[in-house]
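Next come the chains, spelled out residue by residue.
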Amino acid sequence: MSRAPNYEFQEWWNKQREKNHGLFTNDSNNPNNGFLAVEISSSNPDRTAEKDRARSARQLSWVCLLRFQQLANSLAWITNASILLLRTANRRISSADSPSDSSASRLYRIIKFFLFLVVLLLCVELVAYFKGWHFSPPSVVSAEVAVELVYAKWLEIRADYLAPPLQSLANVCIVLFLIQSVDRVVLMLGCFWIKFRRVKPTATMEYPVGRVEGENVEDYPMVLVQIPMCNEREVYQQSIAAVCIMDWPKERMLVQVLDDSDDLNVQLLIKAEVQKWQQRGVHILYRHRLIRTGYKAGNLKSAMSCDYVKKYEFVAIFDADFQPAPDFLKKTVPYFKGNDDLALVQTRWAFVNKDENLLTRLQNINLSFHFEVEQQVNSVFINFFGFNGTAGVWRIKALEECGGWLERTTVEDMDIAVRAHLCGWKFIYLNDVKCLCELPESYEAYKKQQHRWHSGPMQLFRLCFVDVLRSKVSMAKKANLIFLFFLLRKLILPFYSFTLFCIILPLTMFLPEAQLPAWVVCYVPGIMSVLNILPAPRSFPFIVPYLLFENTMSVTKFNAMISGLFRFGSSYEWIVTKKLGRSSEADLVAYEKESDTLVEATSLLRSSSDSGLEELSKLEVTKKSVKSKRNRLYRKELALAFILLTASVRSLLSAQGIHFYFLLFQGVSFLVVGLDLIGEQVS
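Residues numbered from 1 in each chain as written. Predicted model: local features only at pLDDT ≥ 70, side-chain atom pairs only at ≥ 80, totals over all residues. Heavy atoms only, no water.

Caption draft 1: Representation of the UniProt feature "transmembrane region" (unreviewed entry) in the protein chain in the model. Here, UniProt's "transmembrane region" (unreviewed entry) annotation points to residues 110-130, 169-194, 481-510 and 633-652. Note that residues 481-510 is 100% helix and 0% strand, and that its end C-alpha atoms are spaced 40 Å apart. From the first C-alpha to the last, residues 633-652 spans 28 Å; its make-up is 90% helix and 0% strand. (UniProt positions renumbered as here; feature names shortened; annotations may be inferred. Helix = DSSP H or I, 4+ residues; strand = E, 2+ residues; numbered from the N terminus.)

Caption draft 2: Spatial organisation of the packing of helix α14 (residues 475-510) against helix α20 (residues 635-653). One way to put it is that α14 packs onto α20 with a least axis distance of 8 Å and a crossing angle of 35 degrees. Between α14 and α20 the crossing geometry is left-handed. Contacts from Phe 498, Phe 501, Cys 502, Pro 506, Met 509 and Phe 510 in α14 reach Leu 640, Ile 643, Leu 644, Thr 646, Ala 647, Arg 650 and Ser 651 in α20. For the contact of α14 with α20, the class distribution of residues is 10 nonpolar, 2 polar and 1 charged. (Axes fitted to C-alpha atoms, helices over the stretch in contact; angles between N-to-C directions. Left-handed = near helix turned anticlockwise from the far one by under 90°. Contact = heavy atoms within 4.5 Å. Nonpolar A, V, L, I, M, F, W, Y, C, P; charged D, E, K, R; others polar.)

Caption draft 3: Representation of the side chain of Arg 419. For Arg 419, the position within the fold is in helix α12 (residues 412-422). A polar side-chain atom of Arg 419 sits 2.8 Å from the main-chain carbonyl oxygen of Gly 404. Discounting residues that sit within four places of it in the chain, Arg 419 has contacts with Cys 402, Gly 403, Gly 404, Trp 405, Leu 406 and Arg 408. (Polar contact = N/O pair within 3.5 Å; in protein donor to acceptor, adjacent residues only side chain to side chain.)

Caption draft 4: A look at unusual backbone geometry. If you check the backbone angles, Asn 383 has positive phi at about 55 degrees while not being a glycine. Locating Asn 383 in the fold gives a position in the loop between α10 (358-382) and β6 (392-395). Overall, the relative accessible area of 27% leaves Asn 383 in the partly exposed class. Even without glycine at this site, Asp 676 takes up a positive phi of about 60 degrees. (Buried < 20%, exposed > 50% of the residue type's maximum accessible area, 1.4 Å probe, protein only.)

Caption draft 5: Structural view of the environment of Tyr 108. Structurally, Tyr 108 is set in helix α4 (residues 102-131). Judged by relative accessible area, Tyr 108 falls into the buried class, the value being 16%. Spatially, the C-alpha atom of Tyr 108 lies 9.6 Å from that of Leu 640, the residues being 532 residues apart in sequence. Discounting residues that sit within four places of it in the chain, Tyr 108 has contacts with Arg 635, Lys 636 and Ala 639.

Caption draft 6: Broad picture of the sheet that holds strand β7 (residues 426-437). Reading across from one edge, β3-β2-β1-β4-β6-β5-β7 is the order of the 7 strands in this open sheet, with mixed pairing throughout. Sheet topology places β3 (284-288) and β7 at the edges, where each strand pairs with a single neighbour. Taken pair by pair, the neighbouring strands of this sheet meet at an average axis angle of 20 degrees, ignoring direction. Pairing of strand β5 (residues 342-351) with β6 involves 3 bridges; the strand directions are antiparallel. Bridge assignment links Gln 346 to a residue of β6, and that residue is Gly 392. (Pairing = 2+ DSSP bridges.)

Caption draft 7: Highlighting a nonpolar patch on the surface. A cluster of nonpolar residues, Val 185, Leu 189, Phe 192, Val 530, Leu 534 and Phe 540, forms a patch on the protein surface that exposes about 470 Å² of accessible area. When residues in the nonpolar patch are grouped by element, the largest group, 3 residues, is from helix α5 (residues 146-197). Looking at where Leu 534 falls in the secondary structure, it is placed in the loop between α15 (518-533) and α16 (543-565). (Patch = residues over 30% accessible without salt bridge, like charges linked within 9 Å, V, L, I, M, F, W, Y side chains within 5 Å. Areas by Shrake-Rupley, 256 points an atom, 1.4 Å probe, with all protein chains shown as cover. Salt bridge = Lys/Arg side-chain N within 4 Å of Asp/Glu carboxyl O.)

Caption draft 8: A look at the pattern of salt bridges. All chains considered together, the criterion is met by 25 salt bridges. In this structure, Lys 330 engages Asp 247 in a salt bridge whose closest nitrogen and oxygen atoms are separated by 2.9 Å. Highlighted residues: Lys 330 in helix α9 (residues 328-332) and Asp 247 in the loop between α6 (236-244) and β2 (253-259), separated in sequence by 83 residues. The closest approach of N and O atoms between Arg 632 and Glu 444, which form a salt bridge, is 2.3 Å. With a gap of 188 residues between them, Arg 632 in the loop between α19 (614-623) and α20 and Glu 444 in helix α13 (residues 443-470) connect regions that are remote in the sequence. Residue classification places Glu 444 among the buried residues on the basis of a relative accessible area of 12%.

Now the structure itself:
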């Protein structure tokens with residue numbers, strides 16, 4: 001039996017014949033009917049057609065079931081992936097944001113509301129754009145439909161009620177921005193004058209380099225060296241070694257290792273390191289507090305209360321990641337000779353990892369300006385600046401006279417500097433004496449450090465404002481402390497930076513009646529960035545990332561400033577900055593060579609001091625947990641990224657070139673930081 005060529009076509013054809021009411025009926029008088037019957041006929045058509053129709057139905061059912069299963073699998077995969085993504089994001093956001101930070105949660109709720117608002121406004125503007133209302137705005141009188149009437153009413157409300165207060169706030173921020181820019185220009189002019197006139201502090205005496213036979217050790221004052229640390233597993237060795245090999249008579253120097261670690265293994269390791277140097281003839285002590293209150297200030301205060309401290313004249317302080325040069329004391333202590341009113345000699349920081357990643361490069365720009373310009377200019381012209389907390393030498397008499405270390409803020413270094421200044425003491429900054437240290441390489445560590453650095457000054461300003469007014473210093477020094485040191489550089493800078501570029505600028509895209517000039521958005525910030533980058537000329541290729549990153553950090557600094565000013569709980573939170581122990585091989589070789597000479601001088605073999613520490617060294621290696629590094633998510637930065645990108649879309653509709661590019665790149669900058677794609681990912 002022969003098979004018909006096309007049964008499906010035959011079935012369709014028969015249906016068409018029935019629909020056309022006899023047009024293709026089986027009529028013997030119609031010759032065309034016979035032709036058509038020949039073309040589509042087959043042997044035994046009814047039976048074969050039914051059989052194939054049943055087979056086609058089963059095949060179709062199988063295909064549909066297969067497609068449905070594939071669709072269900074795809075939906076299940078997408079659902080599981082979405083749930084996993086949301087859980088991961090929530091976990092990383094929770095780990096990135098401190099639960100005790102009430103000010104951060106308040107700020108985040110405000111930013112979320114702002115994001116919802118700008119998205120809603122963008123939807124309105126998109127509808128208006130495609131309706132053509134951007135080119136010919138409707139009025140209430142000429143509106144024909146309800147939507148057009150609503151948009152016309154919105155135009156009136158934003159022009160009469162919303163734009164004027166926004167423009168006033170923008171004008172206030174612009175004035176603050178210009179005042180702060182003038183302050184930067186004045187500081188740079190002062191720095192140029194210092195460079196041109198080659199102004200430097202001068203010491204009345206110098207100590208010889210190295211050891212000189214027959215020299216009188218009584219000519220060297222008694223110096224106490226303190227190394228406060230807390231769970232500093234990665235850096236304790238290099239800092240202790242660098243201090244112990246300093247070129248200063250050993251009988252005229254005492255090293256205090258002030259360990260606040262709560263990790264027993266770290267305590268054992270640091271104790272063993274101290275014992276090793278004790279066997280090599282170094283006067284070094286290990287101190288561990290049983291009651292750990294007051295963070296670093298409490299640690300230093302406890303160490304200064306020891307009876308043997310009374311016979312020392314000066315105290316040098318180094319954080320755990322700092323590595324002073326061997327001649328550090330010989331380059332700093334001579335400045336105290338003949339300057340009885342000198343309280344502090346501060347040195348410059350140098351960074352062993354400044355080229356490690358983009359984050360460290362941008363930090364280097366900021367800190368280079370701080371030391372090269374701010375510290376140096378303030379030292380030369382007014383003999384006062386903020387103590388940096390480390391890499392400095394204090395006169396112990398000055399510390400005692402101004403009340404010693406206090407635990408009332410998280411910026412104990414700035415606190416004691418302000419109180420010493422109010423007591424009439426002077427400071428000196430040495431720009432050519434550098435002390436190696438380490439920059440935080442992860443955004444998480446840098447963010448926590450900046451939060452402490454910007455909340456602490458506001459705590460201090462609130463506490464010492466009355467003391468400044470009551471002090472006996474001149475009115476010029478009082479004005480400098482209140483208006484320049486605290487208000488302009490610690491309060492106004494983060495306020496206008498966040499408000500102007502993260503709030504007002506996006507709003508002006510949706511309320512075009514209020515405007516920010518292009519010179520505020522682009523030209524003046526660009527000039528200020530050039531001035532900031534001059535002390536680090538090798539960083540000029542990073543000028544655009546630097547400008548964008550500074551605006552990105554404004555949300556952290558603004559939140560810290562608010563929490564410190566209004567005494568929120570997070571302002572008193574002290575988190576030790578994460579360090580990775582970056583030390584050059586040359587430094588480690590120098591430490592080893594110097595320690596070998598100490599061993600020869602004391603007739604002790606190095607192996608004898610190290611053999612008892614083998615187990616502790618093994619413990620140090622095994623206790624370092626190897627964890628995969630991952631990035632975290634920062635919700636405030638991500639929300640602001642979407643706000644700025646939404647505003648850039650609105651700016652594109654209005655063809656605002658400079659504003660569009662600024663909002664676009666700034667939004668991308670917030671997105672990169674919010675996804676933790678800058679710097680080293682944390683463990």
